[in-house]
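# Examining the three-dimensional arrangement
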Amino acid sequence: MANSRELAPGQVARIHVHDVVTGEDVVVHESHDVLYEAPNWSWTRDELLLNGDGALWRLGLAPGAGPERIEHEGLPPINNDHVLDPDGEHVFCSAGDGHVYRAPLAGGPAVRVTDQDGVWHFLHGVSPDGKRLAYVRMTSFEEPGRLALLAADGSSGSLVDTGPGHVDGPEWSGDGAWIYFNTERWAARPGHAQLARVPDGGGEVERLHISDTVDWFPHLAPDAATAVYLEFPTGTQGHPADRSVALVVVSPQDWSVERERIPLPGGQGTINVNSWAPDSRRFAYVSYPVRG
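These notes cover the structure that comes with them. Everything numeric in this text was worked out from a predicted model, so none of it was measured.

## What to know about the overall build of the protein
Scanning the protein for helices and strands turns up zero helices and 25 strands. For the protein, the C-alpha radius of gyration of 17 Å lies close to 19 Å, the compact-globule estimate for 292 residues. With the C-alpha coordinates of the protein rotated into their principal frame, the extents come out at 50 × 40 × 35 Å. Within the protein, the fraction of its 292 residues that count as buried is 57%.

Right, here's the structure in full:
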C-alpha cells in the first residue's frame, strides 16, 4: 500500500472543476508526470488539495497556477483517503502504514492519530464538529471492510452495524445526522456496490438507489441540495482504475433521477473523497485519458 500509483505511458491526469448550475467543465491542470488523485476543496480559499507520489499537493485555481507539494515531517507515503479538518488548518490522511495522521495544511510535523497496528484505517469522513472520524476498518484484504468511527484524537472508537458485505466511502451529511457510504449488503453478485446511509449512532440502513450498475462514493454538497457519485459498469468488482466510468449528479431527495451524467476514463482516484466547493455549485474530479 505504500507504493504510489503512476501514469501509464501516454496517460495524463486531468484535474477538472465542474459547475452543476451551468454545466461548464474546466480542466484546471493537466499532468504528464505525477498521477494526482482525490481532490478536496479548501474551506477557506479557492484551491484544491490532492495526493500524488505519496504526498499532499495544493493547487490554486487562479489561471496559470500549478500544484505545489506540501512538505510534512513524520508523515509516511499517503494514499487517496484524506479529508479536511473543519478547523481549516489541518487535514487527516490515511497512510501506507495503515494508520491515520493529522497534518497541518501549511506543512510541518504530522501526528499519528490511530494506535492499533495490524489494522488498516481507510479514512473518508470527519464529523461536522471535527470530533470524530469515519473510516473503513480492515485487518486483511480478504475480508469485507467495516464501517468504523473513531475520536479525532484516537482515544476511543466503535463499529457501526451495516449488515453483511463490504462498505466504503463513509462520510457525514452536513448536519451530522447521517453517514453516507456504499455497501455490498444487497449484492446478488460479487462487487455489486450500492449507495446507502445510516443514522449517526447506528440504526436502520437505508438504500438510496436500486441499480444494476456498481455505485461508489456518494458525496453531498454542503447545502445538501445536490450530490454526486461514481458509477462503474455492471459486473465491476471493487473500484479499479482506468475504466470507462461516469459521475452522476442527482438530488439527494431522489437518487434515481439523474440531473447530469459525466462520462470519463477513471475510477480509482477520480473522486474518492468529497470534493465539493463551499458554494455547493462546483466540485472537482480527476480523469486519466491516454493520448492517442
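From this point, the discussion proceeds with the structure in view.
## What about the pattern of salt bridges?
This structure, assessed with the given rule, holds 16 salt bridges. Between Arg14 and Glu30 there is a salt bridge; the shortest N-O distance is 2.6 Å. Note that Arg14 is positioned in strand 1 (residues 13–19) and Glu30 in strand 2 (residues 25–31), a separation of 16 residues in sequence. Judged by its relative accessible area of 24%, Glu30 is partly exposed.

## Quick word on the packing of aromatic side chains
The tally for this structure, following the rule as stated, stands at nine aromatic pairs. Where Trp276 meets Phe283, the ring centres are 5.2 Å apart and the plane angle is 65 degrees; that geometry is what we call edge-to-face. Judged by relative accessible area, which is 3%, Trp276 ranks as buried. Ring-pair connections join several aromatic residues into one group, and the members of that group are Trp120, Phe122 and Phe141. The side chain of Arg5 reaches across the aromatic face of Tyr288, ending 5.4 Å from its centre. Above the face of the Trp178 ring, Arg197 is positioned so that its terminal group lies 3.6 Å from the ring centre.

## So, the environment of Asp175
The topology assignment puts Asp175 in the loop between strand 17 (167–172) and strand 18 (178–183). Separated by 3.0 Å, the side chain of Asp175 and the backbone nitrogen of Ala177 make a polar contact.

## Details of the pairing of strand 2
Here is the key point about a regular strand: its side chains alternate between the two faces of the sheet. Here strand 1 runs beside strand 2; their pairing, made up of six bridges, is antiparallel. Of the residues in strand 2, the one forming a bridge with His18 is Asp25. Adjacent in sequence and paired antiparallel, strand 1 and strand 2 are bridged by five residues, among which Gly23 carries a positive phi angle near 80 degrees.

## Some details on the environment of Pro77
Of note, Pro77 is situated in the loop between strand 7 (72–73) and strand 8 (78–84). Residue Pro77 is classed as partly exposed on the basis of its relative accessible area of 38%. Placed 120 residues apart in sequence, Pro77 and Arg197 show a C-alpha to C-alpha distance of 31 Å.

## Points about the side chain of His18
Mapped onto the fold, His18 is located in strand 1. Judged by relative accessible area, His18 falls into the buried class, the value being 2%. Side chain to side chain, His18 and Asp25 meet in a polar contact 2.8 Å long. Setting aside residues up to four positions removed in sequence, His18 forms contacts with Gly23, Glu24, Asp25, Glu260, Ile262, Arg281, Arg282, Phe283 and Tyr285.

## Focus on unusual backbone geometry
Phi at Asp53 takes a positive value of approximately 55 degrees, unusual for a residue other than glycine. One can find Asp53 in the loop between strand 4 (47–52) and strand 5 (55–60). Of note in the backbone geometry, Ser280 takes a positive phi value of approximately 65 degrees without being a glycine. Among the structural elements, Ser280 can be located in the loop between strand 24 (254–266) and strand 25 (282–287). Overall, the relative accessible area of 7% leaves Ser280 in the buried class.

## Let's talk about the pairing of strand 5
Note that strand 4 and strand 5 share six bridges and pair antiparallel. Among the inter-strand pairings, Gly52 is bridged to a residue of strand 5, identified as Ala55. The antiparallel pairing of strand 4 with strand 5 creates a hairpin that spans two residues between the two strands, and Asp53 there sits at a positive phi of about 55 degrees. Summarising the sheet, strand 5 and strand 6 (residues 68–70) pair through three bridges and their orientation is antiparallel. Looking at strand 6, one finds that Trp57 is bridged to Arg69.

## Digging into the sheet that holds strand 25
With antiparallel pairing, three strands are arranged side by side in an open sheet as 2-1-25. Unpaired on one side and paired on the other, strand 2 and strand 25 mark the two borders of the sheet. Averaged over all neighbouring strand pairs, the angle between strand axes comes to 20 degrees, with direction disregarded.

## Observations regarding the sheet that holds strand 22 (residues 227–232)
As summarised here, the arrangement of the four strands in space is 21-22-23-24, forming an open sheet in which the pairing is antiparallel. Strands with a single pairing partner mark the edges of an open sheet, and in this sheet they are strand 21 (214–220) and strand 24. For this sheet, the mean angle separating the axes of adjacent strands, direction not counted, is 25 degrees. Judged from the five bridges that link them, strand 22 and strand 23 (residues 243–251) form a sheet pairing that is antiparallel. In the sheet register, Glu231 faces strand 23, and the bridge partner there is Ala246.

Definitions and limits used
- Residues numbered from 1 in each chain as written.
- Predicted model: local features only at pLDDT ≥ 70, side-chain atom pairs only at ≥ 80, totals over all residues.
- Heavy atoms only, no water.
- Helix = DSSP H or I, 4+ residues; strand = E, 2+ residues; numbered from the N terminus.
- Rg over C-alpha atoms; globule rule 2.2 N^0.38 Å.
- Buried < 20%, exposed > 50% of the residue type's maximum accessible area, 1.4 Å probe, protein only.
- Salt bridge = Lys/Arg side-chain N within 4 Å of Asp/Glu carboxyl O.
- Phe/Tyr/Trp six-rings, centres within 6.5 Å; stacked < 30°, edge-to-face > 60°.
- Lys NZ or Arg CZ within 6 Å of the ring centre and 35° of its normal.
- Polar contact = N/O pair within 3.5 Å; in protein donor to acceptor, adjacent residues only side chain to side chain.
- Pairing = 2+ DSSP bridges.
- Contact = heavy atoms within 4.5 Å.
- Axes fitted to C-alpha atoms, helices over the stretch in contact; angles between N-to-C directions.

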